[in-house]
Amino acid sequence: MDAPLRLLVHGASGRMGQALLRLCAEEPSRFTVVAAVSRRPAQRVVDGVPQFAASELQGAPAFDVAIDFSLPVAFDPILALCVGRKAALVSGTTGLEPTQRAALDEAARSIPLIQASNFSLGVAVLSDLVERAARALPGWDCDIVEAHHARKVDAPSGTALTLGAAAGQGGAEPRYASLRAGDIVGEHMVQFTGAGERLELAHRAGNRDIFARGALHAASRLAGRDPGQYRLADLL
Ligand code: NAD
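Structural notes, computed from the coordinates.

Conventions and cut-offs
- Residues numbered from 1 in each chain as written.
- Predicted model: local features only at pLDDT ≥ 70, side-chain atom pairs only at ≥ 80, totals over all residues.
- Heavy atoms only, no water.
- Near = heavy atom within 4 Å.
- Areas by Shrake-Rupley, 256 points an atom, 1.4 Å probe, with all protein chains shown as cover.
- Nonpolar A, V, L, I, M, F, W, Y, C, P; charged D, E, K, R; others polar.
- Buried < 20%, exposed > 50% of the residue type's maximum accessible area, 1.4 Å probe, protein only.
- Helix = DSSP H or I, 4+ residues; strand = E, 2+ residues; numbered from the N terminus.
- Pairing = 2+ DSSP bridges.
- Right-handed = clockwise from strand over helix to strand, strands pointing away.
- Contact = heavy atoms within 4.5 Å.
- Polar contact = N/O pair within 3.5 Å; in protein donor to acceptor, adjacent residues only side chain to side chain.

### Describing the site of the ligand
Part 1 of the reasoning: The environment of the ligand is made up of 23 residues, and the closest members are S13, R15, M16, T94 and K152.
Part 2 of the reasoning: Bound to the protein, the ligand loses 85% of the 870 Å² it would expose on its own.
Part 3 of the reasoning: Residue composition of the shell around the ligand, by class: nine nonpolar, eleven polar and three charged.

### Looking at the pairing of strand β2 (residues 31–38)
As a general feature of sheets, a regular strand has side chains that alternate between the two faces.
Part 1 of the reasoning: Of all eight residues that make up β2, seven are buried, and the element is covered over most of its length.
Part 2 of the reasoning: Of the strand pairs in this sheet, strand β1 (residues 5–10) and β2 are connected by six bridges, and their pairing is parallel. Across the sheet, the residue bridging to R6 is T32, located in β2.
Part 3 of the reasoning: This β-α-β element, β1 to helix α1 (residues 15–26) to β2, shows right-handed connectivity.
Part 4 of the reasoning: Relative to strand β4 (residues 49–53), β2 runs parallel, the two sharing three bridges. Along β4, the bridge assignment pairs V37 with F52.

### Details of the environment of S178
Part 1 of the reasoning: With respect to the secondary-structure elements, S178 resides in strand β9 (residues 175–180).
Part 2 of the reasoning: Taking the C-alpha atoms as reference points, S178 and E146, 32 residues apart in sequence, are found 5.0 Å from one another.
Part 3 of the reasoning: The residues contacting S178, other than those within four sequence positions of it, are E146, A155 and P156.
Part 4 of the reasoning: Within the local environment of S178, its side chain forms a polar contact with the side chain of E146, the two groups lying 2.8 Å apart.

### A look at the pairing of strand β6 (residues 88–91)
Part 1 of the reasoning: Alternating residues of β6 divide into A88 and V90 and L89 and S91, and every residue in both groups is buried.
Part 2 of the reasoning: Pairing analysis gives four bridges linking strand β5 (residues 65–68) to β6, with the strands arranged parallel. Within β6, the residue paired with D68 across the bridge is S91.
Part 3 of the reasoning: At this point the chain moves from β5, through helix α2 (residues 72–85), to the parallel β6, and the crossover so formed is right-handed.
Part 4 of the reasoning: Two strands pair when backbone bridges link them, and β6 and strand β7 (residues 112–115) are joined in this way by three bridges, in the parallel orientation.

In structure tokens form, the structure reads like this:
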């Protein structure tokens, strides 16, 4: 049997980071978290996993793949570390700046990486349906309504923008509305409105494990690949 994949989890103390650590602990034969990185870890080791502060990133041990669910402000150092170590990167951080996207394109020349605003299978399928609906309904209004928990920092969500890009590919001109309330994990509704009729395509995330499982799946499929920027569909 292959040795477990060595992971660095970046953003480990966050909502997504905690889901990743819990799922990795359930599958020790597939994943070993060699470093859990967050802004200010409270302890050096938690449940056998070494904890690192963001300022100690360079001291992290060797890893095969970094999984990053942090914030745009934390993104540049983890990208640089992966390039420096020739390790793969799976990033789900949303709200990246155009310069950070350009840096991803550059990094993809030397490491395998995937950046996705949503790692759930349902949203991958929804994206495809939205593009097809937009193409089939020229001239209809297209509105994307998304809802997330009150502490989410970016709006519209990265997923809403990805769905909007799919609608744009199909010829629609999407508008966005965002709701921030309570502990909603993530809901997206794409509405096409014509004269006297309305089509709604929706996805509702019940928990964060769907994103974490998708990211772990992507990590296991990405390790050892040629440098390049992969899409979730390439790794399914
Ligand atoms: P969170 O606020 O709960 O956690 C953020 C994490 O980033 C924390 O561990 C924090 O310590 C760390 N962090 C902050 N500043 C840092 C720094 N300078 N250096 C290193 N680490 C730092 O956020 P969350 O809900 O876990 O979401 C994290 C990101 O993932 C957001 O961008 C969110 O939109 C995105 N997200 C993506 C998907 C997806 O499927 N792609 C799903 C859910 C969330």
